[in-house]
Amino acid sequence: MKTAARPTVQELVDPHDLANVDDLQLVARWVVEGFMHGLHRSPYVGYSVDFVSHREYVPGDDLRHLNWKLFGRQDKLYVKQYDAETNVDLHVVLDVSRSMTAGEGKLGKLRYACLLAASLAHLAQRQRDAVGLTLFAGSVLEHYEPRSTSDHLMELIGALARQREHPAADSIRVLHEMAELMPRRGLVVMISDFYFDVNELFGGLDHFRHFGHDVLLFHILDPLERLLPLDGAVRFVDAETGERLETLAHEIRPGFVAAIETWLAELRQGCLARDIDHVSLVTQTPLERALIEYFATRTELY
Amino acid sequence: MPSFIHFGFLAVGLVVGLPILIHLMFRQRARTVSIGSVRFLQQVIRRHQRRRRVRQLLLLLLRCLAILLLVLLFARPYWDSRYRDSLEREVVVIVDRSASMATADARGTTSIGNAWRAAHKVMAGIDENVVVHLGLCDAAGVEALATATVTQVVPATSEAATDFGLALAWARDVLGASSRTDQRIVLITDLQRSGAGKTPLDGVSESLQVDIVDVGQAISQDLAVTSVGVLRSELRPQVPILLSVLVRNNGPALVEKVDLRLQLQGPVAVVESQRRIDVPAAGVTRVEWPLELIDEGIYQGHMEITNRDAAQWNNRRYLAFDARPPDRLLLVDGDEGRAVYGNETYYLEKALRLAPPPGVATARSFEIERLVWETGSGFPRLDGFQAIILCNVRRLRPVDIERLTAYASAGGQIWIFAGDKLEPESLDALTQAGLFPGRIARRPTTEHGRVTSWPKEHPALAPFADPQRGDLRRLDFHKTWPIDELAANAESLLLTGQHIVAAQRPLGSGRCIYFGWTADRDWTDWPQSRLYVPLVRQFAAYLTGQLADRPKVQQVLVERAGQQTGLEQQAEQVIVTNADANEMVSDRLTEEQFRDMMGLSALELSSEEKAARADLALPPNMSRPDEIWTSVLWILLAVLAVETLLASRVHA
């Protein structure tokens, strides 16, 4: 089993990444009055535990709400605006199976996924949401119940950064087990490459939906797995099964990309039918941009 | 079927394994990449797998094929399809062996040598089921040979001229006797122009394929003695014998300092003479060659060019001639007359003294001596005269008769003309002596007479058998002295109705001729007739032996198979055999001209057959026209191009 390069704790709590995420509001889709979480908005901007956005400083604003960091970056004064929000349990479900260790470059899939998971955990913690973490492969490897304390956040980040084995996962039926571990409704963010049987996947996701969870899928793929930017003879090794396949990459590229697109379309279609958000990412996509793009879209909807 | 010039190179075909080895040793190494799942790759690859394997296999095959083609290229394959297997094919191969085929190039290779090699090539390419005939042709005809002889020594050329008509007629007859439907004639020749048009060629079907192989050679220098003639062969004091020589230059450039050498074997000694001449380009030089000869007899030898050139066979020409003094005639004038033109022998002498036209060597002149009988003292020595002509001689004494009889018995010729002074008693004595042709009438007759008949086959009278040459019936006489009764062995020559007015009688080797009229115009106006000179000279030539059946020298051309040029003695005759002068004219035809002149249809050949024909005339050890290496090369290039294209798309 290949052990991928793990993000260090420092990377996980990289302020730069987190600072960018600070501008985004973690929004749940379902209205609290409907199923306890979803998208919550405070009708007024006040002192709340979460800030929502910035506005330019005008004389008379409370200087305690100035965002000095932003001033340092942009040399302009902004004040934070806050929305009161109902706390939401964020369940980050991270696929740490062997397939996630595949990928080349500085930022592999697993690293990217861990960074994303940490960003989400941090954001949630800032919003005083409880954040839980489940690491799975073919089975649940580690599970952390949602909590909103900073210690808990560090524990989660530590779990993300920890070196571990990456077993193969030939089935996603573990989702059912995970769903049972999260009886309380919340926002389930699943981060994986989703190299699973589609029917099994949607079966598991339906289980989450049954419990009323708002589900968000971050589909992480390596550029190799998305575009196959290689030429010549290549020997592909399946990270999950170890199966080898030798071919001329440039010859099969068009067919491969088409197959991936078909697969992604199928997933999107399935998610759309289940009111599940599906965000397709490649590891080259800057993490912050990925989150911004998602939350901007989510804000438009809600 | 295909074959190879260099079979050994096929062993290099083992190198065909090289691409396989390269394929195994230098397979492109693939980089290894980890991917989350290969299932999508599998979907795609499954579709491409078969096509990829086919491409790989095709690539391997192309490389092996390229190696194989390269090996074939060096092995120089050829497709020998000029004469395909056929049970319906019959081929006649004719090789020209005329004298002109002895022409050689600078390396000494003769046209006959090239022709023989060409024949060998042609026959080597013929399947064993094809019936093949082989022949050597010249103007004497065609000599059929066994086909196996084509592998033997090159045959010698003949000295005969060329006659394509004879050759093709022979081939036509050979093929005409065959039931095979696919018939072809192969004529290997130098296309000498003189050979076309001699013998007409009829009965050649248009479907009969006549293949012409031209082995003629371009020559830079060819001198030939085309003619040696005798203009003057009479021995006369201070008058040399005169020969005429024609030397031809077939080359394109003037040739200077051509050495001519004459060698003759005379009756006593050898005569040799040399001269140096210049001969213009593609022209003829005529040389008059005087010889100071004194010995009477046959001279025989040759004239030759001693310079070396491409065609030695035409540098010599043989000649022979009979050198003798002119015939001496004794005119015995029985009536001198008052004026010169009034004597009995005036017209006769004038006619006999006429000189033969120049260049007519066989015609001899006469040396005339005139004796006035009445004032003379009898006959002089008679043995130096070829003929004695007695014109109106009154009387012959017994001694004269004895001498005449002795003279005639020794071969002398006597010619007697009648006249007023003739005494019949004298002639009776000659008749008794067996000399005169009969009993003369007692007196002449004044009955007008005209020649009515004469022996047409008599040598002296044969030319007058054709009235166009002179009608003897126009000879008329107002007085004649006929013969009443012919002697036993006499024969009549001219008759006027019932009268024998001319007769002859042999005696030993000699003879006596009697004309029953005067030699002058007393009894007839025949001297004014245009028949006078030819009749007089005919009889004079008859009496002096110029009209003999067998001349001492006979000129012939090579016409029979095996006949060679040169000199040959046959009994009393010298046979001079020379080659046809036309064969020495180096004027060649193109194939199109030849076909047009011989009435042959054009041969439609494929490009391979044309190349094959061109190759037949090439010296050995040069490329074959039926080699297919160019095709192999193009195929190899195409294979390499496809391999390069495919290799860029296939993982080796």
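Residues numbered from 1 in each chain as written. Chains lettered and ligands numbered in written order. Predicted model: local features only at pLDDT ≥ 70, side-chain atom pairs only at ≥ 80, totals over all residues.

**Q** Outline the overall build of chain A, listing residues and values.
**A** Tallying secondary structure elements over chain A gives 11 helices and 10 strands in all. Going through the 302 residues of chain A one by one, you find that 42% of them count as buried. In chain A, once contacts between residues fewer than 6 apart in sequence are set aside, the share between residues at least 24 apart is 77%. (Helix = DSSP H or I, 4+ residues; strand = E, 2+ residues; numbered from the N terminus. Buried ≥ 20, exposed ≤ 12 C-beta atoms within 10 Å, placed from the backbone. Contact = placed C-beta atoms within 7 Å.)

**Q** Outline the interface of chain B and chain A, listing residues and values.
**A** Contacts between the two partners involve 19 residues from chain B, matched on the other side by 28 residues from chain A. Sort the elements by how many residues they give to the side of chain B that touches chain A and helix α2 (residues 39-75) of chain B lands first, with eight residues. Here the residues of the side of chain B that touches chain A are counted per class, giving eight nonpolar, nine polar and two charged. The pairing of strand β8 (residues 233-238) of chain A with strand β2 (residues 31-35) of chain B spans five bridges and is classified as parallel. Across the sheet, the residue bridging to A:D238 is B:I35, located in β2(B). (Nonpolar A, V, L, I, M, F, W, Y, C, P; charged D, E, K, R; others polar. Pairing = 2+ DSSP bridges.)

**Q** Report on the environment of A:F196, specifying residues and quantitative values.
**A** All names here are of chain A. For F196, the location among the structural elements is in the loop between β6 (187-192) and α8 (198-210). F196 sits in the buried class, given 22 other C-beta atoms within 10 Å. Spatially, the C-alpha atom of F196 lies 9.4 Å from that of R173, the residues being 23 residues apart in sequence. With near-sequence residues (within four places) excluded, F196 lies in contact with I172 and L201.

**Q** Outline the confidence of the model for chain B, listing residues and values.
**A** Mean pLDDT over chain B: 85, with 89% of residues reaching 70 or higher. Predicted complex, confidence summary: ipTM 0.72, pTM 0.52. (pLDDT = per-residue confidence, 0-100.)

**Q** Describe the packing of helix α10 (residues 249-273) of chain A against α2(B), naming the residues involved and giving the relevant values.
**A** Relative orientation of the contacting elements α10(A) and α2(B) amounts to 135°, with a least axis distance of 9 Å. It follows from the interaxial angle that α10(A) and α2(B) lie oblique. Considering how the two elements wind past one another, α10(A) and α2(B) form a crossing that is right-handed. Contact residues: A:E251, A:I252, A:G255, A:F256, A:A259, A:I260 and A:W263 in α10(A); B:F40, B:L41, B:Q43, B:V44, B:I45, B:R47 and B:H48 in α2(B). (Axes fitted to C-alpha atoms, helices over the stretch in contact; angles between N-to-C directions. Parallel < 35°, antiparallel > 145°, perpendicular 65-115°, else oblique. Left-handed = near helix turned anticlockwise from the far one by under 90°.)

**Q** Lay out the environment of B:Y299 in plain terms, naming residues and giving numbers.
**A** On the secondary structure map, B:Y299 appears in strand β14 (residues 297-305). Residues B:Y299 and B:V574, 275 residues apart in the sequence, show an inter-C-alpha distance of 9.6 Å.

**Q** Run through the environment of A:V282, naming residues and quoting values.
**A** All names here are of chain A. Secondary-structure assignment places V282 in strand β10 (residues 277-282). Assessed through the 19 C-beta atoms surrounding it within 10 Å, V282 is described here as partly exposed. Separated by 59 residues in the primary sequence, V282 and P223 place their C-alpha atoms 5.8 Å from one another. Non-local contacts of V282, meaning those with residues more than four positions away in its chain, are made with L221, D222, P223 and R226.

**Q** Could you give an account of helix α4 (residues 164-176) of chain B, naming the residues involved and the relevant values?
**A** Residues and elements named next belong to chain B. Relative to the 18 Å expected for 13 residues at 1.5 Å per residue, α4 spans 18 Å between its end C-alpha atoms, a close match to the ideal helical length. Residues of α4 that are buried include every one of F164, G165, L166, A167, L168, W170, A171, R172 and L175, and no others. On the buried face of α4, the contacting elements are β4 (89-96), β5 (131-138), β6 (141-145), β7 (182-189) and α9 (591-598). (Expected span 1.5 Å × (residues − 1).)

**Q** A description of α8(A) should follow, citing residues and the corresponding values.
**A** Residue and element names in this part refer to chain A. Over its 13 residues, α8 runs 18 Å from end to end, which matches the ideal 18 Å to within 8%, given 1.5 Å per residue. Those residues of α8 not exposed but buried are L201, F202, G204, L205 and F208. With its buried residues spanning 160° around the axis, α8 presents them on a single face. Turned more than 90 degrees from where α8 packs its buried face, N199 and H210 sit exposed. Of the surrounding secondary structure, the elements contacted by the buried residues of α8 are α7 (174-181), β6, β7 (214-221) and α10. Looking at the residues trailing α8, positive phi occurs at G212, about 85°. (Arc of directions from axis to C-beta.)

**Q** Break down the sheet that holds strand β11 (residues 255-265) of chain B for me, citing the residues and quoting the values.
**A** All names here are of chain B. Ordered by their spatial adjacency, four strands build an open sheet running β12-β11-β14-β15, and the pairing between neighbours is antiparallel. Only two strands of the sheet have a single neighbouring strand rather than two, namely β12 (270-279) and β15 (316-323). Strand-to-strand, the axes of this sheet are offset by a mean angle of 20°, without reference to chain direction. Bridge count between β11 and β12: nine bridges; the pairing is antiparallel. Its bridge partner lying in β12, D259 is registered against R276.

**Q** Lay out the pairing of strand β25 (residues 499-507) of chain B with the relevant residues and their values.
**A** All names here are of chain B. Within β25, eight of the nine residues are buried, leaving the element largely enclosed by the surrounding structure. Here strand β24 (residues 491-496) runs beside β25; their pairing, made up of five bridges, is antiparallel. Note that in β25 the partner of L495 across the bridge is I500. Hairpin connection from β24 to β25: two residues lie between these consecutive antiparallel strands, with G497 at a positive phi of about 70°. Strand direction decides the pairing type here: β25 and strand β26 (residues 510-515), joined by six bridges, are antiparallel. From the neighbouring strand, R505 faces β26, where its bridge partner is C512. As consecutive antiparallel partners, β25 and β26 are separated by two residues, and within that stretch G508 has a phi angle of approximately 60°, a positive value.

**Q** Summarise the sheet that holds strand β13 (residues 284-291) of chain B; cite the residues concerned and give the values.
**A** Residues and elements named next belong to chain B. Taken in spatial order, the three strands line up as β9-β10-β13 in an open sheet, and their pairing is antiparallel. The sheet is open, and its two borders are formed by β9 (223-232) and β13, each paired with just one other strand. Across the sheet, the mean angle separating the axes of adjacent strands is 20° when strand polarity is ignored. Where strand β10 (residues 241-249) and β13 come together, eight bridges link them in antiparallel fashion. For V245, the partnering residue across the bridge sits in β13 and is V287.

**Q** Got a sec to walk through the confidence of the model for chain A? Specific residues and values, please.
**A** Overall, the predicted model of chain A reaches an average pLDDT of 75, with 73% of residues at or above 70. Looking over chain A, one finds the lowest element-wise mean pLDDT in helix α3 (residues 32-35) of chain A, namely 26, and the highest in α10(A), namely 93.

**Q** I'd like to hear about the nonpolar core, residue by residue, with values.
**A** Residue and element names in this part refer to chain B. Residues I94, A167 and I188 are the most contacted members of the largest nonpolar core, which totals 78 residues. Two domains each put at least three residues into this core: domain 2 (89-218 + 586-616) and domain 3 (223-323 + 579-584). Grouped together as the second largest cluster of nonpolar side chains are 62 residues, Y407, I500, V536 and L543 included. (Core = buried A, V, L, I, M, F, W, Y, C linked by C-beta atoms within 7 Å. Domains from an automatic or database assignment.)

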